[in-house]
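The lines below spell out each chain.
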Amino acid sequence: MTVQLGIVMDPIDKIKIVKDSSFAMLLAAQKRGWKLWYMEIGDLALRDGRPVASMRELTVLDTVQHWFELGPIRWANLASLEVILMRKDPPFDLEYLMATHLLEQAEAQGTWVINKAQSLRDANEKLAATWFPHCCPPTLVTRQAQQLRNFLHEQERIVIKPLDSMGGQGVFYVAVGDVNASVIIETLTNYQQRFVMAQRFIPEINQGDKRILLVNGEPVPYALARIPAAGELRGNLAAGGQGQGLNLTERDRWICVQVGPWLRDKGLIFVGLDVIGDYLTEINVTSPTCIRELDALYGLDIAGQLLDVIEQKMVSHTM
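Attention in this report is confined to the structure presented alongside it. (Residues numbered from 1 in each chain as written. Predicted model: local features only at pLDDT ≥ 70, side-chain atom pairs only at ≥ 80, totals over all residues. Heavy atoms only, no water.)

**Things to note about unusual backbone geometry**
In the segment running from P90 into P91, the intervening peptide bond is cis, with an omega of 20°. With respect to the helices, strands and loops of the structure, P91 is situated in the loop between β6 (83–86) and α2 (94–108). With phi around 50°, N190 is a residue other than glycine that occupies positive phi space. Within the secondary structure, N190 is located in the loop between α5 (181–189) and β11 (196–200). Backbone geometry at Q192 places phi at a positive 70°, although glycine is not the residue there. Within the secondary structure, Q192 sits in the loop between α5 and β11. (Helix = DSSP H or I, 4+ residues; strand = E, 2+ residues; numbered from the N terminus.)

In structure tokens form, the structure reads like this:
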């Protein structure tokens, strides 16, 4: 099957291919003979109700010195693409939001967008987990300083984080008696003008922040535990954490059973759950990573699994 596949991503010349999941998807698609078209968020446009983009044909090579080649710019209707992978990293700002509206116009013309544009808007990566409070640690979302102080007093140790970032950016650990608690709350809430999320601190973070990948609601049987670097509480690889492969626990699988059907219903085909200890902390829908690490550790083909699902959905859509 020859498929016209577009991808919206961050600049490809800046990625680290040894750990870039978008690159793994591109390699797998190219291996199947799919034609690849490269776009950045600024390439998207809308003309007289038609979603269009300046796109370039892309060839990928799994070599660290020279990993891509781009053809000339082609101004084309997004409906010429059968599938678009929306893989732009957060922050989830106004530009990202507008891009999902443009991609939704492409969906209306029959193009598959993965993950679904409306669901990218609906499923904030921090707030989405709150649909499953039975899976989460005690959690508070507010912009009121007093509510955050009360929560800190109740839980004794908490983390506070912004709702629109990734990679551990802006995440603070606060304990009762911390002399910096007030300034942390003021800074993160912008003096009570911005919502934040606070969660009870989970000490099992020292065993890793597990990333569990789900393809069409079904979990990959292994997780990548991101172990915090010395002197750090954040396990994110972007914050210096080290990856360690683990089998999913019974609790991990239970969490996946709770979340998986919701993801399928929302058209969230490729998702990464963050689990610390026994608790779900985030549901990553924009550009979840860890494909390449898990593939290398366990001989998997996670991107191939994703493409199998895409092919099946395309066939059922045309029947």
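**Here we look at the pairing of strand β4 (residues 50–60)**
Bridge count for strand β2 (residues 35–39) against β4 is three bridges, and the pairing is antiparallel. Bridge assignment links Y38 to a residue of β4, and that residue is R56. With antiparallel pairing between neighbouring strands as the criterion, strand β3 (residues 44–47) and β4 make up a hairpin whose turn holds two residues, including D48 at a positive phi of roughly 50°. By the bridge criterion, eight bridges tie β4 to strand β5 (residues 68–77) in an arrangement that is antiparallel. Along β5, the bridge assignment pairs A53 with A76. (Pairing = 2+ DSSP bridges.)

**Looking at the sheet that holds β11**
The antiparallel open sheet is built from four strands, whose spatial order is β8-β11-β9-β10. Edge positions in the sheet fall to β8 (139–142) and β10 (172–175), since each of these pairs with one other strand and no more. Averaged over all pairs of adjacent strands, the angle between strand axes in this sheet comes to 25°, irrespective of strand direction. Note: β8 against β11, four bridges, orientation antiparallel. Its bridge partner being in β11, L140 is matched across the sheet by A198. Relative to strand β9 (residues 157–162), α5 is tilted by about 25°, and along the sheet it contacts β9, β10 and β11. (Axes fitted to C-alpha atoms, helices over the stretch in contact; angles between N-to-C directions. Contact = heavy atoms within 4.5 Å.)

**Quick look at a nonpolar patch on the surface**
Together, L127, V141 and F195 line one region of the surface with nonpolar side chains, adding up to about 230 Å² of accessible area. Summarising the element assignment, V141 is placed in strand β8. For V141, a relative accessible area of 32% puts it in the partly exposed group. (Patch = residues over 30% accessible without salt bridge, like charges linked within 9 Å, V, L, I, M, F, W, Y side chains within 5 Å. Areas by Shrake-Rupley, 256 points an atom, 1.4 Å probe, with all protein chains shown as cover. Salt bridge = Lys/Arg side-chain N within 4 Å of Asp/Glu carboxyl O. Buried < 20%, exposed > 50% of the residue type's maximum accessible area, 1.4 Å probe, protein only.)

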